[in-house]
Amino acid sequence: MRLFYAIFPPREVQATLAEAQARVRSYRGWKPSPPHQLHITLLFLGEQPPERLPEFRRIGREVASRVKAFEVTLGGTGYFPPTGGPRVWFVKASGEGLEALAQGLQQALPEVEAAPFKPHLTLARKKGPAPRVGPVVMNIRFQVQAVCLVESKLERSGSQYRVLEQFPLG
């Protein structure tokens, strides 16, 4: 099972982000993320045996219970990598509880190799030659009430996500 912990914004925020994604739809090289799948990844677990699901559920519940509900702000857009040919177009995310959640999950699962935490939502991925889109400032806010444990299945059409469980914040 390919798993990760994430925060999903509310549907109205997903709809607003879908409007921003229209900027890259006219470029063949960019593939926008489906709006209902837009999320902030807290920790990517990668391929894991199904037997570990109870452990991942317990850890998600424990870490989420230690962080109070908080507000996330989605700011400006950027690219990974920041110079040269971009592969990912994203919107930066900030919020008081993001770092605490990401660190708590990483500390509970030290064997999971994780890239440095850079809170963001991926708006589109580059699938071929495509230009950079000018910066967009979102200034969108939403309340975070829960963390999700998500299964990601790789399909020809792209990744398909299924929320396995939601863990309410403390």
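It should be emphasised that the depicted structure is a prediction, and the values quoted were computed from it without experimental measurement.

(A) Highlighting the environment of Val 150. Assignment of secondary structure puts Val 150 in strand E8 (residues 146–155). For the pair Val 150 and Phe 44, spaced 106 residues apart in the sequence, the C-alpha separation amounts to 9.6 Å. What Val 150 contacts, discounting residues up to four positions off in sequence, is Arg 2, Leu 3, Phe 4, Ala 6, Phe 8, Tyr 161, Arg 162, Val 163 and Leu 164.

(B) Region of interest: the UniProt feature "active site" (unreviewed entry) in the chain. If you check UniProt for "active site" (unreviewed entry), the listed places come out as His 39 and His 120 in our numbering. These annotated residues cover 82 residues of sequence, and their C-alpha atoms all fall within 7.9 Å of one another, placing them together at a single site. Note on placement: His 39 falls in the loop between strand E2 (30–32) and strand E3 (40–47). You can call His 39 buried: its relative accessible area is 12%. In contact with His 39, not counting residues within four places along its chain, are Phe 4, Ala 6, Ile 7, Phe 8, Pro 9, His 120, Leu 121, Thr 122 and Tyr 161.

(C) Quick peek at unusual backbone geometry. The step from Phe 80 to Pro 81 runs through a cis peptide bond, and the omega angle for that step is -15°. Turning to its location among the elements, Pro 81 is positioned in the loop between strand E4 (70–80) and strand E5 (88–94).

(D) Fine view of the packing of aromatic side chains. Counted according to the given criterion, the structure contains three aromatic pairs. Each ring, one from Trp 30 and one from Tyr 79, has its centre 6.1 Å from the other, and the planes form 40°; the classification is tilted. Taken together, the residues Trp 30 in strand E2 and Tyr 79 in strand E4 connect sequence positions 49 residues apart. The residues Trp 30 and Tyr 79 share a single accessibility class, namely buried. Ring geometry for Phe 80 against Phe 90: centres 4.2 Å apart, planes inclined by 15°, an arrangement best described as stacked. A residue pair is termed long-range when its members are at least 10 positions apart, and Phe 80 in strand E4 and Phe 90 in strand E5 qualify at ten residues. Between Arg 132 and the ring centre of Tyr 79, over which it is positioned, the NZ or CZ distance is 4.6 Å.

(E) Looking closely at the nonpolar core. Residues Tyr 5, Leu 17 and Leu 74 are the most contacted members of the largest nonpolar core, which totals 46 residues. Apart from the residues lying within four places of it in its own chain, the contact partners of Leu 17 are Leu 38, Leu 74, Val 91, Leu 121, Leu 123, Met 138 and Ile 140.

(F) How the structure looks around the packing of helix H2 (residues 53–65) against helix H3 (residues 98–108). Contact geometry for H2 and H3: axes closest at 9 Å, N-to-C directions at 140°. Classified by the angle between their axes, H2 and H3 sit oblique to one another. Regarding H2 and H3, the two cross each other, and that crossing is right-handed. Judged by residue contacts, Ile 59, Gly 60, Val 63 and Ala 64 of H2 engage Leu 101, Gly 104, Leu 105 and Ala 108 from H3. Counted by class, the contact of H2 with H3 contains six nonpolar, two polar and no charged residues.

(G) A look at H3. Buried within H3 are the following residues: Leu 98, Leu 101, Ala 102, Gly 104 and Leu 105. Buried residues of H3 fall within an arc of 165° about the axis and therefore sit on the same side. Next to the buried residues of H3 lie strand E1 (2–7), E3, H2, E4, E5 and E8.

So, how was this worked out
- Residues numbered from 1 in each chain as written.
- Predicted model: local features only at pLDDT ≥ 70, side-chain atom pairs only at ≥ 80, totals over all residues.
- Heavy atoms only, no water.
- Helix = DSSP H or I, 4+ residues; strand = E, 2+ residues; numbered from the N terminus.
- Contact = heavy atoms within 4.5 Å.
- UniProt positions renumbered as here; feature names shortened; annotations may be inferred.
- Buried < 20%, exposed > 50% of the residue type's maximum accessible area, 1.4 Å probe, protein only.
- Phe/Tyr/Trp six-rings, centres within 6.5 Å; stacked < 30°, edge-to-face > 60°.
- Lys NZ or Arg CZ within 6 Å of the ring centre and 35° of its normal.
- Core = buried A, V, L, I, M, F, W, Y, C linked by side-chain atoms within 4.5 Å.
- Axes fitted to C-alpha atoms, helices over the stretch in contact; angles between N-to-C directions.
- Parallel < 35°, antiparallel > 145°, perpendicular 65-115°, else oblique.
- Left-handed = near helix turned anticlockwise from the far one by under 90°.
- Nonpolar A, V, L, I, M, F, W, Y, C, P; charged D, E, K, R; others polar.
- Arc of directions from axis to C-beta.

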